[in-house]
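Notes for the structure review
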Amino acid sequence: MDTLTTASATSLARAIRDKQVSSEEVVSAYLARIAAINPKLNAVVQLRAEGALEEARQADAALARGEMRGPLHGVPFTVKDTYDVAGMICTCGTQGRAANIARDDATAVARLRAAGGIVLGLTNLPELCLAAESDNLIYGRTNNPYDLERTPGGSSGGEAANIAAGGSPLGLGTDSGGSLRIPAHFCGIAALKPTWGRVPLTGLFPPPVGTPGRIRHAGPLARRVEDLALALPLLAGVDWRDPGVVPMPPGDHQAVQLKGLRLAFYTEDGLAPPTPETAQTVQTAAQTLAEAGLVVEERRPPGIEQSLEFFLSVGGADGAVGLQRLLQASGTTEISPLLQKMLMAAGSRAMTLPDFGAFLARWDVWKGAMLTFMENYDVLLAPVVAQPAPQHGTTFLPDVFIGFGYAATHNVTGWPAVAVRCGTSPEGLPIGVQVAARPWREDVALAVAQHLETALGGWQPPGL
């Protein structure tokens, strides 16, 4: 097995189960790794070292009695600071919640704990999850482990940076416009945005209600695709709290036959030309899949260049009135520079009620057209973002921001999508690709992504 802090969650669970290593040893190794890397990264913002160690000892004692809690028995994981974790300060990066202590676990957290997982701590994010960088007035800025002068992305940037650097084998994040996949791409790990309605959003802040809630997803991040597949069935399913969840059983990615799957790929979305290396990485991934027996065609869905516009309209239709009310209700009186930029952008997109109704109709028509395109394909392969991780403070620059449309596409379709590392930039930065599939076919996306990871290397340790 790999060293503990580079091993997959799947292999750690197996080693603990087979008593090759104790949960206490695993948790201790990750706590030591966080202590070593966090001064440089500022990724973990709340740590529960003593509580995690005590739970690890309990897990070891239970195993000695022949008791297994579940597939994650004794395995540590971290959680983005948008989820409630009972007894911990959960802020979502906004000052009005700087002392907010959660009473209960969010559904996703509770489910991983019920499967035997042990919470190590909470990770950084932008205020209210509303930026592609992880920086706020409570905890400050998180750095990319491959280049500390660059962002790990957002809004799940703290999770991605910590996992990439060996601070956790598995994490929970969220994704409204690429917030799982963009940090995974920037930090060279893997992430799954499930189909909308697959995983309950209960216990998140901001509350996932109204139209913005229709593009918000919860999902896992890890160094290896096998861990995304391990986590999904644990997270999925009705919790009798979130009204959007559909009781659709997840498929088994190991049962998917790659040969004969039909794949469409594109390297340019009609808005943001990718860097040459990004385009080449997608092309290499497509060729790799063709060699595995997939039927590969270079074709872009008609109208996909509208994705970013739909995404921005969902969040800005009320002119940011809802966000202002949320900040007021939270007691926040000073907001971060990143959130100020988002509020300015959203404030310029206000719609009248008739215009909003017309927008919803256009969105439905567009989603229908996208679904029609997928009638002929099982998989859609594309960049995650038009470029590798940019410098801190640049993500709202027009030529950078427009490149996030690749990821936003699958928030407005609601389809499942996996980000997995398949290449490296001339600067040594990770380059991921995005593997999307039909609704509810996470198994297909995961199977394809795992093949790419095996063939092209996947996560590589940063020289931190």
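Attention here is on the structure that accompanies the text. (Residues numbered from 1 in each chain as written. Predicted model: local features only at pLDDT ≥ 70, side-chain atom pairs only at ≥ 80, totals over all residues. Heavy atoms only, no water.)

All right, on to the side chain of Asn136 then. Within the secondary structure, Asn136 sits in strand β4 (residues 135–136). Given the relative accessible area of 3%, Asn136 is considered buried. Setting aside anything within four residues of it in sequence, one finds Asn136 in contact with Gly93, Asn124, Leu125, Glu127 and Ser336. (Helix = DSSP H or I, 4+ residues; strand = E, 2+ residues; numbered from the N terminus. Buried < 20%, exposed > 50% of the residue type's maximum accessible area, 1.4 Å probe, protein only. Contact = heavy atoms within 4.5 Å.)

Residues that lie three or four places apart on an α-helix share one face, since the helix turns once every 3.6 residues. Among the residues of helix α11 (residues 337–347), those classed as buried are Leu338, Leu339, Met342, Leu343 and Ala346. Around the axis of α11, the buried residues are gathered within 135° of arc, so they sit on the same side. Against β4, α9 (307–316) and α10 (321–330) lie the buried residues of α11. (Arc of directions from axis to C-beta.)

Moving on, we come to the packing of helix α2 (residues 23–41) against helix α3 (residues 49–64). Where α2 contacts α3, the two axes come as close as 7 Å, and the packing angle between them is 160°. Between α2 and α3, the angle is such that the two are roughly antiparallel. The residues of α3 that touch α2, namely those facing Ser23, Glu24, Val27, Ser28 and Leu31, are Ala49, Ala52, Leu53, Ala56, Arg57, Ala59 and Asp60. Here the contact of α2 with α3 is composed, by residue class, of seven nonpolar, two polar and three charged. (Axes fitted to C-alpha atoms, helices over the stretch in contact; angles between N-to-C directions. Parallel < 35°, antiparallel > 145°, perpendicular 65-115°, else oblique. Nonpolar A, V, L, I, M, F, W, Y, C, P; charged D, E, K, R; others polar.)

In this section: the sheet that holds strand β9 (residues 262–265). Taken in spatial order, the 11 strands line up as β1-β3-β2-β6-β8-β7-β12-β13-β11-β9-β10 in an open sheet, and their pairing is mixed. Looking at which strands have only one partner, the edges of the open sheet turn out to be β1 (44–47) and β10 (295–298). On average, each strand axis in the sheet is tilted by 25° relative to the strand beside it, whichever way the strands run. Pairing of strand β2 (residues 76–80) with strand β6 (residues 170–175) involves two bridges; the strand directions are parallel. If you follow Thr78 over to β6, its bridge partner there is Gly171. Running over the sheet, helix α4 (residues 107–114) touches β2, β3 (118–123) and β6 and is turned about 180° from β2. (Pairing = 2+ DSSP bridges.)

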